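Coordinate inspection notes
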Amino acid sequence: EADIYQTPRYLVIGTGKKITLECSQTMGHDKMYWYQQDPGMELHLIHYSYGVNSTEKGDLSSESTVSRIRTEHFPLTLESARPSHTSQYLCASSGWGRGSEPQHFGDGTRLSIL
Amino acid sequence: GENVEQHPSTLSVQEGDSAVIKCTYSDSASNYFPWYKQELGKGPQLIIDIRSNVGEKKDQRIAVTLNKTAKHFSLHITETQPEDSAVYFCAAGSGTSYGKLTFGQGTILTVHP
């Protein structure tokens with residue numbers, strides 16, 4: 001069973017629209033992440049959060065923004081979607097503290113901008 | 001920053017054969033090495049992980065080995081089955097990375113019946 005949920009699973013939308021991709025986790029994890037996965041498979045970190053009110057940009061520059069108002073919720077927003085934003089977006093979470101633990105992934109949102 | 005290289009990019013085996021995927025990392029501070037399996041339409045799922053104080057770990061048909069001196073680690077799958085067909089990712093993280101992982105490029109494994 002999934003402990004991290006992403007909605008919608010698929011979204012096809014026109015250029016210029018504002019989009020919010022939802023991500024929620026029930027594990028109480030402090031750390032959450034957004035990845036962009038291109039057709040070449042590679043996972044690129046675009047945003048992460050250490051906890052409530054903390055957000056940082058990842059290794060790959062993205063025009064999207066994120067917020068972390070509640071521990072369990074880490075939405076990603078695109079103010080004005082463009083065809084270049086077409087991709088798969090994966091959300092993940094991991095435990096607590098500075099060290100590394102397993103990241104738990106959602107099943108992703110496949111976004112297509114027409 | 002950390003850089004993780006993964007090989008091969010595609011691997012095709014017959015059912016029952018073994019499969020080996022190799023990764024190298026650059027940051028000697030990395031101390032956590034997970035492996036993920038991603039099936040079509042799903043997010044990556046952790047299948048096994050190893051920390052730097054251990055050289056080998058096994059879980060049924062899968063095993064991971066780590067060579068800290070050479071900075072490389074490998075995934076071994078024995079007695080492969082068609083349901084092992086998926087994309088596999090290695091990753092590396094450190095004790096100060098706040099959970100951030102650097103992923104390899106992925107390997108598409110195909111097991112032919």
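Structural data are supplied above this passage.
Predicted model only: the values in this text are computed from it and were never measured.

1. As for the packing of aromatic side chains
For the structure shown, the criterion picks out twelve aromatic pairs over all chains. Measuring from ring centre to ring centre gives 5.5 Å for Tyr-35 of chain A and Phe-105 of chain A, while their planes differ by 40°; the resulting arrangement is tilted. Residue Tyr-35 of chain A is located in strand S4 (residues 31-37), and its partner Phe-105 of chain A is located in strand S10 (residues 104-105); the two are separated by 70 residues in the primary sequence. Look at Tyr-36 of chain B and Phe-103 of chain B: their rings are 5.8 Å apart centre to centre, the planes differ by 50°, and that puts the pair in the tilted class. Here Tyr-36 of chain B is found in strand S4 (residues 30-38), whereas its partner Phe-103 of chain B is found in strand S10 (residues 102-103), with 67 residues between them in sequence.

2. Points about the interface of chain B and chain A
Contacts between chain B and chain A engage 26 residues on the former and 25 residues on the latter. Buried area between chain B and chain A, summed over both chains or domains, comes out near 2100 Å², and the portion from carbon and sulfur atoms is 55%. Three residues stand out in chain B for area buried against chain A, namely Tyr-98, Lys-100 and Phe-103 of chain B, and they jointly supply 30% of the buried area on that side. Run the count over chain B and chain A and you get nine residue pairs in polar contact (both at pLDDT 80 or more). Its residues placed into classes, the side of chain B that touches chain A shows ten nonpolar, twelve polar and four charged.

What counts and what doesn't
- Residues numbered from 1 in each chain as written.
- Chains lettered and ligands numbered in written order.
- Predicted model: local features only at pLDDT ≥ 70, side-chain atom pairs only at ≥ 80, totals over all residues.
- Heavy atoms only, no water.
- Phe/Tyr/Trp six-rings, centres within 6.5 Å; stacked < 30°, edge-to-face > 60°.
- Helix = DSSP H or I, 4+ residues; strand = E, 2+ residues; numbered from the N terminus.
- Contact = heavy atoms within 4.5 Å.
- Buried area = accessible area lost by both parts, 1.4 Å probe.
- Polar contact = N/O pair within 3.5 Å; in protein donor to acceptor, adjacent residues only side chain to side chain.
- Nonpolar A, V, L, I, M, F, W, Y, C, P; charged D, E, K, R; others polar.

Worth remembering: the numbers are spatial, not functional.
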